[in-house]
Structures are given as C-alpha cells and as structure tokens.
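Working through the structure, step by step
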Amino acid sequence: MKKVVVLTGAGISAESGIQTFRGADGLWEGHDVMEVASPEGWAANRELVLNFYNERRRQLKTVKPNPAHEALVKLEEQYDVHIITQNVDDLHERAGSSNILHLHGELTKARSTVDRALVLKWPDDLNLGDKCPKGSQLRPHIVWFGEDVPMLHRAVTTISDADIAMIIGTSMQVYPAAGLIGYAPVDIPVYYIDPNPAKDAAHAYCNNLTIVEAKAGEALPNIVDKLLSQNLS
Ligand code: APR
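Residues numbered from 1 in each chain as written. Predicted model: local features only at pLDDT ≥ 70, side-chain atom pairs only at ≥ 80, totals over all residues. Heavy atoms only, no water.

**Quick notes on the sheet that holds strand E1 (residues 3-8)**
- One open sheet holds the six strands; their spatial order is E3-E2-E1-E7-E8-E9, and the pairing between them is parallel. At either margin of the open sheet sits one strand with a lone partner, and together these are strand E3 (100-102) and strand E9 (209-212). Between one strand axis and the next, the sheet turns through 15 degrees on average, direction left out of account.
- Pairing of strand E8 (residues 190-193) with E9 involves four bridges; the strand directions are parallel. Note on E9: the bridge partner recorded for Val190 is Leu209.
- Running over the sheet, helix H7 (residues 152-159) touches E1, strand E2 (80-85) and E3 and is turned about 140 degrees from E1. (Pairing = 2+ DSSP bridges. Helix = DSSP H or I, 4+ residues; strand = E, 2+ residues; numbered from the N terminus. Axes fitted to C-alpha atoms, helices over the stretch in contact; angles between N-to-C directions. Contact = heavy atoms within 4.5 Å.)

**Points about the pattern of salt bridges**
- Within this structure, the stated rule accounts for eleven salt bridges.
- A salt bridge links Asp90 to Arg94; its shortest N-O distance comes to 2.9 Å.
- A residue is classified by how much of its surface remains accessible, and Asp90, at 17% relative accessible area, is buried.
- Here Glu213 and Lys199 are joined by a salt bridge, their closest N and O atoms 2.8 Å apart. Here Lys199 lies in helix H8 (residues 199-205) and Glu213 lies in the loop between E9 and helix H9 (216-230), a separation of 14 residues in the sequence.
- Looking at Lys199, the relative accessible area reads 37%, which means it is partly exposed. (Salt bridge = Lys/Arg side-chain N within 4 Å of Asp/Glu carboxyl O. Buried < 20%, exposed > 50% of the residue type's maximum accessible area, 1.4 Å probe, protein only.)

**As for H9**
- Taking 1.5 Å per residue, 15 residues should reach 21 Å; H9 reaches 20 Å between its end C-alpha atoms and fits that length.
- Looking only at H9, the buried set comprises Ala216, Gly217, Ala219, Leu220, Ile223, Val224, Leu227 and Leu228. Looking straight down H9, one finds that the buried residues subtend no more than 165 degrees of arc, so they occupy a single side. For H9, the exposed residues set more than 90 degrees away from the buried face come down to Glu218, Asn222 and Ser229.
- Its buried side turned inward, H9 meets helix H1 (11-14), helix H5 (67-75), strand E7 (164-168), E8 and E9. (Expected span 1.5 Å × (residues − 1). Arc of directions from axis to C-beta.)

**Some thoughts on the pairing of E1**
- When you tally the buried positions in E1, you get six out of six residues, the bulk of the element.
- Burial along E1 is two-sided: Lys3, Val5 and Leu7 facing one way and Val4, Val6 and Thr8 facing the other are all buried.
- Alignment of E1 against E2, held across six bridges, turns out to be parallel. Bridge pairing in E2 links Thr8 to Thr85.
- With five bridges joining them, E1 and E7 adopt parallel strand pairing. From the neighbouring strand, Leu7 faces E7, where its bridge partner is Ile167.

**Quick look at the nonpolar core**
- Ile84, Leu103, Met172, Ile181 and Val190 are the most contacted members of the largest nonpolar core, which has 26 residues in total.
- Elements represented by at least two residues in this core include exactly E1, H7, E7 and E8.
- Not counting chain neighbours up to four residues away, the residues in contact with Met172 comprise Ile167, Ala178, Ile181, Tyr192, Ala198, Ala201, Ala202 and Tyr205.
- One finds Leu27, Trp28, Val36 and Leu118 within the second-largest nonpolar core, a separate group that totals 23 residues. (Core = buried A, V, L, I, M, F, W, Y, C linked by side-chain atoms within 4.5 Å.)

**Examining the pairing of strand E4 (residues 105-112)**
- By the criterion of burial, E4 is predominantly enclosed, with six of the eight residues buried.
- As paired elements, E4 and strand E6 (residues 138-142) share five bridges and run antiparallel to each other. Paired with Ala110 across the bridge in E6 is Pro140.
- Sheet analysis places E4 next to strand E5 (residues 119-121), joined by three bridges and oriented antiparallel. Each bridged residue has a counterpart across the sheet, and for Lys109 the counterpart in E5 is Lys121.

**Observations concerning unusual backbone geometry**
- The omega torsion of the bond from Tyr175 to Pro176 falls at 10 degrees, within 30 degrees of zero and hence cis.
- Tracing the backbone through its elements, the reader meets Pro176 in the loop between E7 and E8.
- The residue Met172 is not glycine, and still its phi comes out positive at about 50 degrees.
- Position of Met172 among the secondary structure elements: in the loop between E7 and E8.

So this is what it looks like as structure tokens:
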C-alpha cells in the first residue's frame with residue numbers, strides 16, 4: 001500500500017466550528033498568546049491558563065468532525081494513511097482515523113508538572129488543586145510556545161518515506177511543524193489545501209506541489225475520491 005502522510009492544522013477543523021489561530025476572528029486575536037500558551041504565562045497565572053483551556057475543552061464537546069476529517073478515514077480503504085496534526089482537538093480520532101500523531105499535544109489530556117511522561121485522560125475542566133499521582137498540580141497536555149516538541153522525531157521519521165503528502169489548513173508559520181514537509185522525499189506529489197495558502201513557504205519545500213485554494217471540507221472529499229479511483233496502491 002502506498003503511504004500518504006497528511007499534515008493538518010487548524011483549518012481542517014474550521015468547518016466544524018473551531019476557530020483557527022490567526023486571521024480576522026482567530027483565537028489569538030482576543031488573547032495575549034504568551035499569557036495563555038507559554039511556560040511564563042503558566043508561572044504567572046495558572047488559573048487564567050486553566051480557564052483558557054477549560055473553555056476550549058468545553059467547546060470541543062459541542063462540535064463534531066466534518067467531511068474533511070471523514071475523507072481522510074475513507075482514504076484508508078486503499079492507502080496507508082498517517083496524520084500528523086498540529087491540532088489539539090480530537091476530531092481526527094472521533095472521525096475514526098487510525099494513525100494520528102499530535103505534535104502540539106491534546107486538549108483532552110492533562111499532565112504532571114513534575115513528570116512529563118505522566119499523562120492522564122482529562123475530558124472535563126482542569127482546576128487548581130487537581131493533582132497528579134505524584135502530588136503535583138496538573139497542567140494541560142499542550143506544547144506551549146517556547147517548549148520543545150517531543151513528537152517531532154517520530155513525525156520526521158513518519159514523513160521521510162511517504163509516497164504522497166498533504167498539507168491541510170495551516171498557515172505554515174509555526175516551526176518546527178511548518179518545516180516538516182521538508183523531510184518528505186523531495187519529488188513526491190504534495191497537495192496543499194487551504195483557502196489562503198502560504199504559497200511561498202510550500203513552494204520552498206516541494207518540487208511537485210498542487211495547491212488547492214479551497215476549504216478542506218469542500219475540496220478534500222474530491223481529492224480523496226480521485227486518489228481512490230487512481231487505485232495506486
Ligand atoms: N479549510 C482549510 N483551511 C482553512 C479553512 C478551511 N475551511 N479555514 C481556514 N483555513 C486555513 C487558513 O487559511 C490558514 O492558512 O487554516 C489556516 C489556519 O492557520 P493558523 O490559524 O495559523 O493555524 P495553524 O497553522 O494550525 O497554527 C499552527 O500555531 O498557535 C499555534 O499551536 C498553535 O497549532 C497551532 C500552530
């Protein structure tokens with residue numbers, strides 16, 4: 001089976017009703033990023049940070065996967081599909097995709113502040129006083145600005161032998177995630193689906209690039225049908 005590696009960002013969840021980060025009504029518009037998504041912000045005001053992610057966690061319960069998430073599940077009928085997502089939502093899981101790597105953490109998990117390997121499922125509000133089994137305050141299981149990206153090595157390995165790659169719904173502004181496509185074999189077909197794509201960044205990395213300037217939920221099902229009908233597996 002051919003291996004398809006799919007890099008997803010906030011745009012794939014936009015049609016489910018989750019705000020993207022940048023852009024007109026983006027999530028970061030109303031927030032100081034460093035206050036809510038950095039180790040410094042956490043040290044300064046834990047309650048503010050916990051509330052920020054509690055809101056996101058509550059909202060996640062009100063949304064569902066859209067046709068773009070579902071198309072990636074259908075692609076598994078004939079391809080070995082690996083998703084590397086910058087998203088912290090669980091919409092790929094809820095759609096039913098098999099191989100999902102979360103580069104920036106997961107909203108529905110919490111982790112110890114003394115042992116980063118100690119990660120717990122946490123679907124509801126996380127509050128001051130919620131402690132890990134070792135007695136430390138739990139924090140959101142999110143990779144904040146300024147922190148390293150523990151899943152990066154696995155992501156690089158995953159994409160390095162892809163036969164086809166897709167980039168869906170990301171502004172390609174945040175590294176190291178934005179540079180991952182550079183680890184794919186240089187001549188493989190790459191599809192970039194985004195109504196406002198970062199064309200220069202994508203062209204810098206890919207020789208065989210097709211940019212589809214459209215919403216993921218509208219364009220991706222057709223691209224998946226095309227790949228399935230080509231029966232390249
Ligand atoms: N379908 C596809 N793409 C879309 C759609 C849609 N319906 N709607 C918006 N987009 C695109 C935008 O054009 C933009 O290019 O999604 C992209 C969203 O970009 P960002 O808001 O910057 O999100 P992302 O690239 O995922 O951010 C990366 O930055 O803030 C951090 O950790 C956070 O993981 C996040 C990272």
